[in-house]
Amino acid sequence: MSSHSSSPEPSYIEYQGKYKGIFAWILSTDHKRIGMLYLYSIMTFFIIGAVLGLLMKFELIAPGKTVMEPQTYNAFFTLHGILMIFAVVIPGLPAVFGNFLLPIMIGAKDVAFPRLNLFSWYVYVLGIILVVISQFAGEGPPDTGWTFYAPYSFRTAGNMLPAVLGAFVLGFSSILTGLNFIVTMHRMRAPGMGWFKMPLFPWTLYGTAWIQLLATPVVGVTLLMVVAERTLNIGFFDPSLGGDPILYQHLFWIYSHPAVYIMILPAMGAISEIIPTFSRKSIFGYKFMVASTLAIAFVGYFVWGHHMFTSGMSGTALYTFSILTFLVAIPSAIKVFNWISTMHKGSIDMQTPFYWAMAFIFVFMVGGFTGLVLGSLAANVHLHNTHFVVAHFHFIVFGGTGFAFFAAMHYWFPKIYGRMYDTRWANTGLILFFIGFITLYMPMFYLGYMGMPRRYYDYDEVFHGGNIISSMGAWVLIAGVAVIIINLFRSAKHGPKAVADPWGGKTLEWTVPSPPPVENFEEIPTVTKGPYDYSQD
Amino acid sequence: MYSTTGIEASNFVSSFDTAFFSVIGISILLLVGITVLMLYFVFKYNRKKNKVAEHIEGNTKLEIIWTIIPTLLALGMFYFGWAGWHPMKNPPKDGITITTIARMWNFSYLYENGKQSAELVVPVGMPVKLKLISVDVLHSVFIPAFRVKEDIIPGREKIMWFIPQKAGVYDLYCAEYCGLQHSYMSSDLRAIPQEEFDKWYTDTTALASTVDESVPGAAGFVIMKTQGCNACHSSDGSKIIGPSYLGLWGKQHIVVRDGQDVLVTVDSAYIRKSIYEPNAEIVKGYQKGLMQSYDKVISEDDISKIIDYLKTLEE
Ligand SMILES: [Cu+2]
Ligand SMILES: [Cu+2]
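Residues numbered from 1 in each chain as written. Chains lettered and ligands numbered in written order. Predicted model: local features only at pLDDT ≥ 70, side-chain atom pairs only at ≥ 80, totals over all residues. Heavy atoms only, no water.

**Some points on the overall build of chain A**
So, point 1. Helix and strand counts for chain A stand at 16 helices and 0 strands.
So, point 2. Taken over C-alpha atoms, the radius of gyration comes to 23 Å for chain A, in line with the 24 Å a tight globule of 537 residues would show.
So, point 3. Across its three principal directions, the C-alpha atoms of chain A cover 75 × 50 × 45 Å.
So, point 4. Looking at chain A as a whole, 66% of its 537 residues are labelled buried.
So, point 5. Surface summary for chain A: the accessible area is close to 17,800 Å², and the carbon and sulfur share equals 69%.
So, point 6. In chain A, the 28 positive side-chain charges and the 24 negative ones have mean positions that sit 8 Å from each other. (Helix = DSSP H or I, 4+ residues; strand = E, 2+ residues; numbered from the N terminus. Rg over C-alpha atoms; globule rule 2.2 N^0.38 Å. Buried < 20%, exposed > 50% of the residue type's maximum accessible area, 1.4 Å probe, protein only. Areas by Shrake-Rupley, 256 points an atom, 1.4 Å probe, with all protein chains shown as cover. Lys, Arg positive; Asp, Glu negative; His and termini not counted. Charge placed at Lys NZ, Arg CZ, Asp CG, Glu CD.)

The following block contains the structure:
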């Protein structure tokens, strides 16, 4: 390497390489630029998915037909689910913030395989293209729900195969990202950064990466079986060919339950970065935070059966799954206790990311507790497949991951763009978002308790009141999303310049300039202290 | 043994309530407690008041406490859920068995004496066992007032059971997504006192008596309504899932048989075949595999009544 140049290195945004314009981004192997590619793709699909959700809520505001036909409604909730799960939430924090920050946070210049990293983004785009094809080619968009349950998915006219293939390709992209992250963390930590000096966000990426690597192939196997069944008439899942639809459900959830932890672990990681920074205090119980991350990743493999309590499994299997579902909540509880204890005797600076983190803790607890309700066998029998479940997983996936995503966005924004956002607008957006969120999803718990099944285009008059409130919540929520995104967009261009460490954070990303230079570090740092060492302040 | 004095709609309401409210109760306490604590810390240790944070890295004793206590709570919650659910999986020997046939998109009920009904009629105070059968895709019987639900799996026979404890009319929904008309797949559950039930059960003329025999095709119309044909076929010319009945009788149209287009005339034999072997010939422009065979469900006699009805719609 050459010796220090006198002028500072250009930032990753200004850097001029071989390619110009958009090619400088879509052909870049810089982990930061790739992270940004993911950010813009994910935001796009999030907005599409959210608009679909909004339209569904319009339909549900009154019984009978309101704005669309049942076929359209069924196609909407299918596409909403596929996009939100596979194109937004699963890649979510790892693909955006993991890519951008992981190498910097562990003191590396890039991920272990930068080209593979760019390739993963192309695989992601390919997956999206397949999903788009499934909407327009052939006999019409899929209408099976994102779960593609057999045997209905084999009978429907919609384009199942491209949709399932798309889901698999998207999953495959996340395997590659996961593999890249694991190797990066094993091989490229800065000198002195032992495993237990690694910040918690990388730790959660580590847990997540292993889940991606081990669970996603199951989707591939399932897909091959679906293809074999449709083309060769080998009966795996379709009873009319001698198959078993329950087998499909097992395979589906063996992947898709751990996928929930793919979504939530990095969210917890981001929150674990934000709380110490704004409390100006070490995270409480660092090692327990690490252990609980690994415990969630591990136990999360063994609870998939809780999606199938009414499908007809043996009794022993059912209560084993129930008991494990209760136990997997314990590590999450430990995290909540540690976050709260971190605030205790801290010196708390009330900034936007911290407000987001607080909101996260609240909605995540609601999601977690209602998860316990659903884990309870007798309660599950009544609540399964009702709006209670819809509310529960939106609290976890949108409430948990979504809030953490926006928390992370507001926390690392000055680092990513080198500019600050308007705090007043940011807080207004948060308040709208929070109120809208609660108004949208809280009534669904009640609707489910009253017995309104999910995936219902139409409903009885008893469910009308709850649906009106819920639909109105959606409008407030969308207004909040709009305020947040517009504010961030404007600030990325016109916001005041940000310093290297605007929040007083201690992890390595705050030691490099904002926005970071192409090579991240002029000189690879040597780590001597823990990641949240505020003892000198 | 089976009390009829309980005020709850079914014998499973109280086990659900115990499981549900034990978890919800503890959860609300913890949710409120933790949230208040968080707000209190944020207020008390605000940087404006507390300039310097204390250096604390953790406390193993606390970690152990807040691992063990939630674990015990969770095991307690599990227990209530399990205790309430266990009897659901163990139907009693006595009681009546009703075969529940689910198809896209209706339920029909077949009683032990051969009586068929579109409405689930059950006696109060008697264990009712539903034998669940699906002829096409997954469905699920969900009776919110009774707090019971069981998925119906094609190719498997399953039993669900309950004791209705209060007379009344309740909703029964399909809770597993099954396609276009999923949200319309429901039926009424009517729980009536035993004597009334016995009368209803033994009265096999009940269906006939509601039909005005002098109106041509009326009986056929009732049969089709009971069987749920109307979920897919209209009588006014509009296309739902299958072709409309309007103008069907006597018309000539193209069907696909073994991949070949064939011109057929709609006559008795064709109608009969359409009902017993719907997938042998597919009307051009429609999808295979949606309509399932009604073999052994609809008698030859009923088919001729259906044909009488179709004749009234001849153009
Ligand atoms: Cu799960
Ligand atoms: Cu159904």
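**Examining empty space enclosed by the protein**
So, point 1. All told, the structure shown has 5 cavities of 30 Å³ or more when counted by the stated rule.
So, point 2. The calculated volume of the largest cavity comes to roughly 670 Å³.
So, point 3. Contributing to the lining of the largest cavity are 36 residues, with His233, Pro243, Ser274, Pro278 and Met291 of chain B lying nearest its centre.
So, point 4. Taken together, the elements giving at least two residues each to the lining of the largest cavity come down to α6 (268-276), β13 (281-283) and α7 (300-312) of chain B.
So, point 5. Residue composition of the lining of the largest cavity, by class: 22 nonpolar, 9 polar and 5 charged.
So, point 6. Counting only domains with at least three residues in the lining of the largest cavity, you end up with domain 2 (96-206) and domain 3 (210-311) of chain B.
So, point 7. When its volume is computed, the second largest cavity comes out at roughly 140 Å³.
So, point 8. Along its surface, the second largest cavity is lined by 15 residues, and Val164, Val219, Thr222, Tyr248 and Phe252 of chain A are the ones closest to its centre.
So, point 9. Residue assignment for the lining of the second largest cavity shows that the elements contributing at least two residues are α6 (152-155), α7 (160-187), α8 (200-232) and α9 (245-279) of chain A. (1 Å grid on protein atoms, 1.4 Å probe; cavity = no way out; pocket = protein on both sides within 12 Å on 5 of 7 lines; lining within 4 Å. Points joined across faces, edges and corners; volume = space filled by probe spheres on them. Nonpolar A, V, L, I, M, F, W, Y, C, P; charged D, E, K, R; others polar. Domains from an automatic or database assignment.)

**Comments concerning the pattern of salt bridges**
So, point 1. Taken as a whole, this structure holds 12 salt bridges over all chains when the rule is applied.
So, point 2. The salt bridge partner of Arg156 of chain B is Asp244 of chain A, with a shortest N-O separation of 2.8 Å. On the criterion of chain membership, the pair formed by Arg156 of chain B in the loop between β7 (148-152) and β8 (158-162) and Asp244 of chain A in the loop between α8 and α9 is interchain, its members lying in two chains.
So, point 3. Judged by its relative accessible area of 31%, Arg156 of chain B is partly exposed.
So, point 4. Connected through shared salt-bridge partners, Lys89, Glu150 and Lys158 of chain B make up one network. (Salt bridge = Lys/Arg side-chain N within 4 Å of Asp/Glu carboxyl O.)

**Structural notes on a negative patch on the surface**
So, point 1. A grouping of Asp460 and Glu461 of chain A together with Asp171 and Asp188 of chain B is seen on the molecular surface, where their side chains present a negatively charged patch.
So, point 2. Relative to the assigned elements, Glu461 of chain A resides in the loop between α15 (423-450) and α16 (464-494).
So, point 3. When its relative accessible area of 55% is taken as the criterion, Glu461 of chain A is described as exposed. (Patch = residues over 30% accessible without salt bridge, like charges linked within 9 Å, V, L, I, M, F, W, Y side chains within 5 Å.)

**A short note on the coordination of the copper ion (ligand 1)**
So, point 1. Coordination of the copper ion (ligand 1) by the protein comes from His257 of chain A (ND1), His306 of chain A (NE2) and His307 of chain A (NE2), over a distance range of 1.5 to 2.0 Å.
So, point 2. Each donor residue of the copper ion (ligand 1) lies on the same chain, and together they follow the pattern H-x48-H-H. (Donors = N, O, S within 2.8 Å, 3.2 Å for Na, K, Ca; no water.)

**A few points about the packing of aromatic side chains**
Residues and elements named next belong to chain A.
So, point 1. Tallying each qualifying case throughout the model produces 81 aromatic pairs over all chains.
So, point 2. Between Phe398 and Phe433 the ring centres are 5.6 Å apart and the planes differ by 75 degrees, which places this aromatic pair in the edge-to-face class. Of this pair, Phe398 sits in helix α14 (residues 387-417) while Phe433 sits in helix α15, and the two are 35 residues apart along the sequence.
So, point 3. Residue Phe398 is classed as buried on the basis of its relative accessible area of 14%.
So, point 4. The buried category is assigned to Phe433, whose relative accessible area is 0%. (Phe/Tyr/Trp six-rings, centres within 6.5 Å; stacked < 30°, edge-to-face > 60°.)

**Digging into the sheet that holds strand β6 (residues 139-143) of chain B**
Residues and elements named next belong to chain B.
So, point 1. Pairing within the open sheet is mixed, and its 5 strands lie in the order β4-β10-β9-β6-β7. What marks the edges here is a single partner per strand, and that holds for β4 (120-123) and β7. Averaged over all pairs of adjacent strands, the angle between their axes in this sheet comes to 20 degrees, without regard to strand direction.
So, point 2. Bridge analysis of β6 against strand β9 (residues 168-174) gives 2 bridges, and the strand direction is antiparallel. Following the sheet pairing, Val141 is matched in β9 by Cys174.
So, point 3. Running at roughly 135 degrees to β4, helix α3 (residues 194-202) makes contact with β4 and β10 (186-192) of the sheet. (Pairing = 2+ DSSP bridges. Axes fitted to C-alpha atoms, helices over the stretch in contact; angles between N-to-C directions. Contact = heavy atoms within 4.5 Å.)

**Notes on the side chain of Ser134 of chain B**
Residue and element names in this part refer to chain B.
So, point 1. Structurally, Ser134 can be placed in strand β5 (residues 128-134).
So, point 2. A distance of 3.3 Å separates a polar atom in the side chain of Ser134 from the backbone nitrogen of Asp136.
So, point 3. Among the polar contacts listed, one links the side chain of Ser134 to the backbone oxygen of Val137, at a separation of 2.6 Å.
So, point 4. The contact partners of Ser134, leaving out residues within four places of it in the chain, are Ala102, His139, Ile152, Ile153, Pro154 and Gly155. (Polar contact = N/O pair within 3.5 Å; in protein donor to acceptor, adjacent residues only side chain to side chain.)

**Some words on the interface of chain B and chain A**
So, point 1. Listed by partner, the interface residues are 78 residues for chain B and 89 residues for chain A.
So, point 2. If you look at where chain B meets chain A, you find 2 salt bridges.
So, point 3. For Arg47 of chain B, the salt bridge is made with Asp349 of chain A, and the minimal N-O distance between the two is 3.6 Å.
So, point 4. Linking chain B with chain A are 28 residue pairs in polar contact (both at pLDDT 80 or more).
So, point 5. Elements represented by at least two residues in the side of chain B that touches chain A include exactly α1 (13-44), α2 (60-85), β7 and β9 of chain B.
So, point 6. At 17 residues, the largest contribution of residues to the side of chain B that touches chain A is made by α1 of chain B.
So, point 7. Its residues assigned to classes, the side of chain B that touches chain A shows 44 nonpolar, 20 polar and 14 charged.

**Let's talk about the nonpolar core**
So, point 1. Counting 260 residues, the largest nonpolar core has Phe97, Trp339, Ile361 and Trp412 of chain A together with Leu189 of chain B as its most contacted members.
So, point 2. With residues up to four places along the chain from it excluded, the contact list for Phe97 of chain A reads Leu102, Phe201, Phe405, Ala408, Met409, Trp412 and Ile416 of chain A.
So, point 3. Leu248, Tyr270, Ile298 and Leu313 of chain B belong to the second-largest nonpolar core, a separate cluster that totals 22 residues. (Core = buried A, V, L, I, M, F, W, Y, C linked by side-chain atoms within 4.5 Å.)

**Points about a nonpolar patch on the surface**
Residue and element names in this part refer to chain A.
So, point 1. On the surface, Ile47, Val51, Leu55, Phe58, Val67, Ile468, Ile469, Met472 and Trp475 cluster together into a nonpolar patch covering about 710 Å² of accessible area.
So, point 2. Elements that contribute at least two residues to the nonpolar patch include exactly α2 (31-59) and α16.
So, point 3. You can see Val51 is positioned in helix α2.
So, point 4. Given a relative accessible area of 40%, Val51 falls into the partly exposed group.

**Quick word on the confidence of the model for chain A**
Residues and elements named next belong to chain A.
So, point 1. Of the residues in chain A, 97% reach a pLDDT of 70 or more, and the chain-wide mean stands at 88.
So, point 2. When the elements of chain A are averaged for pLDDT, α6 gives the smallest value, 76, and α15 the largest, 95.
So, point 3. Contacts from residues 1-6, a stretch scored under 50 in pLDDT, to residues over four places away or in other chains number 4 contacts. (pLDDT = per-residue confidence, 0-100.)

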